Amino acid sequence: MTSINEEEPEIVKGQIRVGISSCLLGKKVRYNGGHKENDYITNVLDDFFTWVSVCPEVEIGMGTPREAVRLVGSPDQPRMVGTNTGTEWTDKINTYSIAKTEKLKTLNLHGYILKNRSPSCGLFRVKVYTETGMPLNNGAGLFARALSEGMPYLPIEEEGRLNDARLRENFIIRVFCYYRWQELISSGFTIRKLVEFHSRHKFLIMSHNETAMRELGKLVAQGKSYPEFELIQNYRDRFFNAIKRPSTRNRHVNVLQHIMGFFKSKLSPQDKIELLTAIGDYQNELVPLIVPITLFRHYLRLIKHDYIGNQYYLNPHPKELMLLNHV
Ligand code: SF4
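If you're wondering where the values come from, they're calculated on a predicted model, not measured in any experiment. (Residues numbered from 1 in each chain as written. Predicted model: local features only at pLDDT ≥ 70, side-chain atom pairs only at ≥ 80, totals over all residues. Heavy atoms only, no water.)

## Things to note about the packing of aromatic side chains
Right, on to step 1. For the coordinates displayed, the defined rule picks out 15 aromatic pairs.
Right, on to step 2. Their ring planes at 70 degrees and their centres at 5.2 Å tell us that Y178 and F240 sit as a pair that is edge-to-face. Placement of Y178 in helix α5 (residues 165-186) and of F240 in helix α8 (residues 228-244) is noted, with a sequence separation of 62 residues between them. Each member of the pair Y178 and F240 is classed as buried.
Right, on to step 3. Ring geometry for F239 and F240: centres 4.9 Å apart, planes at 80 degrees, overall edge-to-face.
Right, on to step 4. Taken together through their ring pairs, the aromatic side chains of Y178, W181, F197, Y235, F239 and F240 make up a single cluster. (Phe/Tyr/Trp six-rings, centres within 6.5 Å; stacked < 30°, edge-to-face > 60°. Helix = DSSP H or I, 4+ residues; strand = E, 2+ residues; numbered from the N terminus. Buried < 20%, exposed > 50% of the residue type's maximum accessible area, 1.4 Å probe, protein only.)

This is how it looks when you write it as structure tokens:
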């Protein structure tokens, strides 16, 4: 078991594989021959992720440039047609999307970033035109729908939502958790490994959903009474469901206070005041989360408390991503 006290990076750049809409990487695959390069993706995330780039519309042979398409009909089961000519693409994109999702399952992805608003790649609030020609903003792109249904536990996010600091942090935390979960499974599942996984993620889960953290703890404690397949599926379902909900400032404060309870007896009165002040400043939106977290790491280096020192909550992703730095 490695500890943050050893300051040893656990994840080497490039080990994490993330699927992505090709146009977000700057590839000129859009209907108009252009791209939609996203600077955060190509300048920041690119240092940590290996991309698996997919353009569904190019892969079904629509060519570039091409006629723009849109979704029409019922938002539950829309058709995809050419905007001007009405050319039907529905069967082709649906068949492709199911087959492509099966192929992607074999590539051991840890996350997926989709282009928003696209009739193929958009995940939320994609326009679907009704028979009267009125657009409703409540559809999903046909590839995005097949992907999210075929791989329901894969962290998937839209590029536009990555501009929101909370959603961005939540997505990246889920990607790193999924990577660790896949490592646990691919290295040969044992209950001992599940106990360690849960133990190290305990406060991270708590920062999203305290009830789920307790339920998962019970599940792990009773792990031997379940068939292995059922245990893996149950834990995975509940864990990734729990952390899908973004954390809040109050939940972080609750976690920080809990963590402090584990080692406050070893702190001097002055140190305790310093930690409580940092937590209070974070609660009052005066400093970002990284401030109390850095102070906790500092004291844990001095105190060497293994259980707390090994918590992913204090070290959820590479510091270069600076995800805890927003106030
Ligand atoms: S949004 Fe999807 S289908 Fe459209 S250009 Fe980008 S990758 Fe291709």
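## A closer look at the nonpolar core
Right, on to step 1. Judged by nonpolar contacts, the single largest core of 72 residues is most densely connected at Y112, Y235, F263 and Y313.
Right, on to step 2. Counting residues domain by domain, this core receives three or more from each of domain 1 (4-163) and domain 2 (258-321).
Right, on to step 3. When neighbours within four sequence positions are excluded, F263 is seen to be in contact with L275, F296, Y299, L300, I303, H305 and I308.
Right, on to step 4. Grouped together as the second largest cluster of nonpolar side chains are 17 residues, V18, Y40, L162 and Y179 included. (Core = buried A, V, L, I, M, F, W, Y, C linked by side-chain atoms within 4.5 Å. Domains from an automatic or database assignment. Contact = heavy atoms within 4.5 Å.)

## Focus on the pattern of salt bridges
Right, on to step 1. The tally for this structure, following the rule as stated, stands at 8 salt bridges.
Right, on to step 2. Residue K100 pairs with E59 through a salt bridge whose shortest N-O separation is 3.0 Å. Of this pair, K100 sits in helix α3 (residues 90-105) while E59 is found in helix α2 (residues 56-59), placing the two residues 41 residues apart along the sequence.
Right, on to step 3. A salt bridge links K115 to E159; the nearest nitrogen and oxygen atoms lie 3.9 Å apart. Taken as a pair, K115 in the loop between β5 (111-114) and β6 (126-129) and E159 in the loop between β8 (156-158) and α5 lie far apart in primary sequence, 44 residues in all. (Salt bridge = Lys/Arg side-chain N within 4 Å of Asp/Glu carboxyl O.)

## A word on the domain arrangement of the chain
The figure often quoted for interface size is the accessible area lost as the parts come together.
Right, on to step 1. Each assigned domain of the chain is listed with its residue range as follows: domain 1 (4-163) and domain 2 (258-321).
Right, on to step 2. Here the C-alpha centre of domain 2 lies 38 Å away from the C-alpha centre of domain 1.

## Describing the sheet that holds β5
Right, on to step 1. Strand order in this open sheet of 4 strands is β2-β1-β5-β8, and the pairing throughout is parallel. Both outer strands of the open sheet, β2 (49-54) and β8, are each paired with one neighbouring strand and no more. Shown here is a sheet whose adjacent strand axes are inclined to one another by a mean of 25 degrees, direction ignored.
Right, on to step 2. Packed onto the sheet, helix α4 (residues 142-150) meets β2, β5 and β8 and runs at close to 165 degrees relative to β5. (Pairing = 2+ DSSP bridges. Axes fitted to C-alpha atoms, helices over the stretch in contact; angles between N-to-C directions.)

## Details of the site of the ligand
Right, on to step 1. Contacts to the ligand come from 14 residues, most closely from S22, C23, C55, S118 and C121.
Right, on to step 2. Residue classes in the shell around the ligand are distributed as 6 nonpolar, 4 polar and 4 charged. (Near = heavy atom within 4 Å. Nonpolar A, V, L, I, M, F, W, Y, C, P; charged D, E, K, R; others polar.)

## Section: the packing of α5 against helix α6 (residues 191-206)
Right, on to step 1. With their axes 11 Å apart at the nearest point, α5 and α6 run at an angle of 170 degrees to one another. Overall, the two elements α5 and α6 adopt an arrangement that is roughly antiparallel. On α6, the residues that touch I173, C177, R180, W181 and L184 of α5 are K193, L194, F197, H201 and L204. (Parallel < 35°, antiparallel > 145°, perpendicular 65-115°, else oblique.)

## With respect to the packing of helix α9 (residues 249-263) against helix α10 (residues 269-283)
Right, on to step 1. Contact pair α9 / α10: the axes reach a minimum separation of 10 Å and the direction vectors enclose 170 degrees. As far as their axial angle goes, α10 and α9 are roughly antiparallel. When α9 is examined against α10, the residues R249, N250, H252, V253, L256, Q257, M260 and F263 are found in contact with a partner set consisting of K272, L275, L276, I279, Y282 and Q283.
Right, on to step 2. Residues of the contact of α9 with α10, tallied by class, amount to 8 nonpolar, 4 polar and 2 charged.

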